[in-house]
Amino acid sequence: MPTPKPKPKPKLAVIKLASCDGCQLSLLDCEDELLAVAGALDIAYFPEASSRLLKGPYDVTLVEGSVTTAADRERLAALRRESRLLITIGACATSGGIQALRNFQSYPELARSVYAHPEYLDSLATSSGVAEHIPVDYELRGCPVDKSQLLEVLIAALHGRAPRLPRHSVCLECKRRGVVCVTVAHGTPCLGPVTQTGCGALCPRFSRGCFGCFGPSDTPRVQALAPVLASVGATDTDVARLYGTFNVGAPAFGDEHRVRLPVVE
Amino acid sequence: MSSIRTLSPPFVLPRARLDDLFERLRARGYRVIGPRVRDGVIVLDTVKSSADLPVGYTDEHAPGRYRLRRRNDDAVFGFVVGPDSFKRTFLVPVQRLFRARRDGDRVRFSPEPVDTSKVALVGARGCDLAAIETQDEILAEGAHADPFYVARREAAFIVAVSCSESRSSCFCTSFGTGPRPTRGFDLSLTELLDGPHRFLVEIGSAEALEIATELGLSTASEQDQGAAAGIALRTSRGMERQLDTQGLREMLLSRLEHPHWQDVGSRCLACTNCTAVCPTCFCVDIVDKSSLDGESHERTRQHDSCFSADYSAVHGHPVRNDVAARYRQWLTHKLATWIDQFGRSGCVGCGRCITWCPAAIDLTREVARLRDDVSLETDP
Ligand code: SF4
Ligand code: SF4
Ligand code: SF4
Ligand code: SF4
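About the criteria used
- Residues numbered from 1 in each chain as written.
- Chains lettered and ligands numbered in written order.
- Predicted model: local features only at pLDDT ≥ 70, side-chain atom pairs only at ≥ 80, totals over all residues.
- Heavy atoms only, no water.
- Helix = DSSP H or I, 4+ residues; strand = E, 2+ residues; numbered from the N terminus.
- Rg over C-alpha atoms; globule rule 2.2 N^0.38 Å.
- Buried < 20%, exposed > 50% of the residue type's maximum accessible area, 1.4 Å probe, protein only.
- Contact = heavy atoms within 4.5 Å.
- Areas by Shrake-Rupley, 256 points an atom, 1.4 Å probe, with all protein chains shown as cover.
- Pairing = 2+ DSSP bridges.
- Axes fitted to C-alpha atoms, helices over the stretch in contact; angles between N-to-C directions.
- Domains from an automatic or database assignment.
- Buried area = accessible area lost by both parts, 1.4 Å probe.
- Nonpolar A, V, L, I, M, F, W, Y, C, P; charged D, E, K, R; others polar.
- Near = heavy atom within 4 Å.
- Phe/Tyr/Trp six-rings, centres within 6.5 Å; stacked < 30°, edge-to-face > 60°.
- Salt bridge = Lys/Arg side-chain N within 4 Å of Asp/Glu carboxyl O.
- Polar contact = N/O pair within 3.5 Å; in protein donor to acceptor, adjacent residues only side chain to side chain.
- Patch = residues over 30% accessible without salt bridge, like charges linked within 9 Å, V, L, I, M, F, W, Y side chains within 5 Å.

What follows concerns the overall build of chain B. Within chain B one finds twelve helices and 16 strands. For a compact globule of 380 residues, the expected C-alpha radius of gyration is about 21 Å, and chain B comes in at 22 Å, within 12% of that figure. Summarising its shape, the C-alpha atoms of chain B cover approximately 70 × 65 × 40 Å along the three principal directions. Per-residue burial for chain B yields a buried fraction of 55% across its 380 residues. The contacts of chain B with a sequence gap of at least 6 include a subset with a gap of at least 24, amounting to 71%. Carbon and sulfur atoms provide 49% of the accessible area of chain B, an area that totals close to 16300 Å².

Structure, rendered in structure tokens:
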């Protein structure tokens, strides 16, 4: 009897849109597990890591970066067709990234203030997350993503199960780890109560307030957090800045950013 | 107040010999866990000697606010409870349950061994002891005894401390759980600061009596006993916060549709801090992790909270989407349905959920607001 052919390894593609490459680097940063990942998956398209670029279809596609040009949108539509599972990685891909700050200003004015010849620009007026344009299977939050969450989505994809990506607040993670609450004990403004877990409570572990890099939690009570931030001395401008970072493109954070922005006369 | 269950007349321990007690505990194989200062807060952690304790420190509490302060004396236990409770020792926040490995066409399970290492808890307050008793009923004695909890609990020696002062979040007197420990300890200390710095030592177990004998402690005088009783009385009388427990269960369960739930729901962050710091909350989530090659697997459980959306997920979707409904779940479980389940209150009056709620939500105030509204009173 002929021996059965070994099952072909699932093909992985890693695609980049408007981003800093930090999330892709998190994959290369999985030092201990990287060989195992390379052994389990056929890394078919990953320009950051290899010049061997295979065509689709792909079994798993990781998309980093936000949508900022019409070309991005077209590329995504094609990618979606040739990807069995499409997973967005990082704040840029999930909510538009820090570059979504432009959504809160006049695009032509902004372009003029930065570029001597804005007429050469071919970009959209807004920066947005991938899920606004195509259906996405799973989203990995963070700026950058968390290594163990990245491995979890890959492992889940390999075994055909849903990944475990908890959506509760950072607070629960602080308390599990015995991290002291920086708001209650130190009077430090912190977005932990409205931010999704996943980072291992990195900032509060170093007595810093969370600045929301994992984006809104399952129940982001930004309005209820407003008096709390005010009570520890955060002004409207401070609050606008707090929310005006990597996930300003997420509606819960972006709306609060807009409301708190100082009115320019 | 219920009488104190002790095995012998009390002893007296000079402050200068507190380290001898630590030394005795260590000689008997105990790792000592007690209060110590970390990041501006009194937490519970391993302590080697009395120098590690928050000597000369005290704490200020208010809803949503905690600050550490210096005292103008060298009191060793001149503060109340911090964010940690001994729940972290017995029902640890993250517990591996088993590992599994594929072995040919079989799966081999290796259950996680229970932890039987001996731990001495120093500084458990009256409310802490009541919380331990509450969790014991559920996790050690009930139909669903948990081997991990039981093993740790059986290996524990408890050194309680009577509270010389209360803080504004405390309301143990409403539940009769404090300020003076009456049961559930091996050894209980009352710090006496008048005259020579010393502790009244009450004995709750045979092992504690052995230790007192090994230390050669002298019997406490009538005055010392009187001083300790006086301190407890003064602390009780000084307690400002109160929760009216009269008919509390019926009151809450008759107001499940009260508009006030929406009011508190609008202020609540659904952040989970109250449940996480509560020494009686016991909810956990099960987490499965598999390896990349699919050959091995491990299951852990970790603290969870009824304030997170996925806690109430049924078929992938939360049934308690509304934060008001989550707050109602928490408050009615603590103060009403816990009684139906376990025959006692799920709250012991420690005040942790008040101090550590970033939104300064105070359950005693919410209960008073619900109670004050007589318009919804249902006829019995
Ligand atoms: S604590 Fe907040 S800002 Fe810091 S890494 Fe985590 S999610 Fe990001
Ligand atoms: S409900 Fe609050 S006061 Fe009552 S035992 Fe829990 S943390 Fe302490
Ligand atoms: S109040 Fe919530 S977290 Fe606490 S024991 Fe009850 S259901 Fe569990
Ligand atoms: S009551 Fe306070 S601590 Fe509890 S979930 Fe609401 S805001 Fe958080």
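Let's shift gears to the sheet that holds strand β14 (residues 296-303) of chain B. Residue and element names in this part refer to chain B. Ordered in space as β7-β6-β14-β13, the four strands form an open sheet in which the pairing is antiparallel. Because the sheet does not close on itself, it has two edges, and the strands there are β7 (106-111) and β13 (284-290). Within this sheet the neighbouring strands show an average axis-to-axis angle of 20°, counted without direction. As judged from the seven bridges shared by strand β6 (residues 94-103) and β14, these two strands associate in the antiparallel manner. For Arg 101, the partnering residue across the bridge sits in β14 and is Ser 296.

The next point concerns the domain arrangement of chain A. Residue and element names in this part refer to chain A. Under the domain assignment used here, chain A contains domain 1 (11-159) and domain 2 (170-260). Using only C-alpha atoms to locate each centre, domain 1 and domain 2 end up separated by 25 Å. Each partner contributes to the roughly 1300 Å² buried at the junction of domain 1 and domain 2, and carbon and sulfur atoms together form 59% of this total. Of the residues in the side of domain 1 that touches domain 2, the class split is seven nonpolar, four polar and two charged.

With that settled, the discussion passes to unusual backbone geometry. Following Gly 56 of chain A, the chain continues into Pro 57 of chain A via a peptide bond in cis, with omega recorded as 0°. Checked against the element boundaries, Pro 57 of chain A lands in the loop between β2 (42-45) and β3 (58-64). Put simply, Gly 178 of chain B and Pro 179 of chain B share a cis peptide bond, and its omega is 0°. The backbone of Ser 207 of chain A sits at a positive phi, close to 60°, despite the residue not being glycine. Considering the arrangement of structural elements, one finds Ser 207 of chain A in the loop between α9 (202-205) and α10 (222-231). In this structure, Ala 270 of chain B takes a positive phi of about 50° despite not being glycine. By the element assignment, Ala 270 of chain B lies in the loop between α8 (260-267) and α9 (273-277).

Residue and element names in this part refer to chain B. Residues in contact with ligand 3, as listed here, are Thr 275, Cys 281, Phe 282, Cys 283, Cys 306, Tyr 311, Gln 329, Trp 330, His 333 and Trp 338. A per-element tally of the shell around ligand 3 places helix α10 (residues 323-342) first, with four residues. Considered class by class, the residues forming the shell around ligand 3 number seven nonpolar, three polar and no charged.

Time to look at the sheet that holds strand β1 (residues 11-16) of chain A. Across a sheet, paired strands are connected by hydrogen bonds in the backbone, their directions being either parallel or antiparallel. Residues and elements named next belong to chain A. The strand order β2-β1-β3-β4-β5 describes an open sheet built from five strands, whose pairing is parallel. In this open sheet, the two edge strands, each paired with only one partner strand, are β2 and β5 (138-140). In this sheet, neighbouring strand axes are inclined to one another by 25° on average, regardless of whether the strands run parallel or antiparallel. Judged from the three bridges that link them, strand β4 (residues 83-89) and β5 form a sheet pairing that is parallel. Pairing of Ile 89 across the sheet is with Leu 140, part of β5. Seen against the sheet, helix α3 (residues 70-81) touches β1, β2, β3 and β4 and runs at an angle of roughly 135° to β4.

Let us now look at the packing of aromatic side chains. Residues and elements named next belong to chain B. Tallied over the full model, the rule gives 15 aromatic pairs over all chains. Measuring from centroid to centroid gives 6.4 Å for Trp 261 and Tyr 327, while their planes differ by 45°, and the two rings are tilted. Note that Trp 261 is positioned in helix α8 and Tyr 327 in helix α10, a separation of 66 residues in sequence. In this structure Tyr 327 comes out as buried when scored by relative accessible area, which is 4%. Feature note: the residues Trp 261, Phe 307, Tyr 327 and Trp 330 constitute an aromatic cluster, connected by ring pairs.

Interface size, as often reported, equals the accessible area lost upon joining of the parts. Residue and element names in this part refer to chain B. Domain annotation of chain B identifies domain 1 (11-96 + 103-237) and domain 2 (248-378). Here the C-alpha centre of domain 2 lies 26 Å away from the C-alpha centre of domain 1. Domain 1 puts 37 residues into the contact, and the matching count from domain 2 is 32 residues. Buried area between domain 1 and domain 2, both sides added, is near 3000 Å², and the carbon and sulfur share of it is 59%. Connecting domain 1 to domain 2 are five salt bridges. A salt bridge links Glu 298 to Arg 96; the shortest N-O distance between them is 3.2 Å. Of all the secondary structure elements, the ones that give two or more residues to the side of domain 1 that touches domain 2 are β4 (57-62), β5 (65-70), β6 and α3 (126-141). The element best represented in the side of domain 1 that touches domain 2 is α3, accounting for ten residues. For the side of domain 1 that touches domain 2, the residue count by class is 20 nonpolar, nine polar and eight charged.

Attention now moves to the interface of chain B and chain A. Between chain B and chain A, the contact holds 45 residues from the first and 32 residues from the second. Across the contact surface, chain B and chain A share two salt bridges. Of the charged contacts in the structure, one is a salt bridge between Arg 164 of chain A and Asp 285 of chain B, with a shortest N-O distance of 3.2 Å. At the junction of chain B and chain A, the tally comes to 20 residue pairs in polar contact (both at pLDDT 80 or more). Looking at the side of chain B that touches chain A, the elements with two or more residues in it are β3 (41-46), β5, α8, α9, β13, β14 and α10 of chain B. In terms of residue count, β13 of chain B provides more of the side of chain B that touches chain A than any other element does, four residues in total.

For the rest of this paragraph, the subject is the site of ligand 2. Residue and element names in this part refer to chain B. Around ligand 2 lies a shell of 13 residues, among which Cys 278, Cys 347, Cys 350, Gly 351 and Cys 353 are the nearest. Elements that contribute at least two residues to the shell around ligand 2 include exactly α10 and α11 (352-355). Residues belonging to the shell around ligand 2 are distributed by class as follows: nine nonpolar, two polar and two charged.

This paragraph deals with a nonpolar patch on the surface. A cluster of nonpolar side chains, namely Val 114, Tyr 115 and Leu 121 of chain A, defines an oily patch on the protein surface of about 280 Å² accessible area. Topologically, Val 114 of chain A is positioned in helix α5 (residues 107-114).

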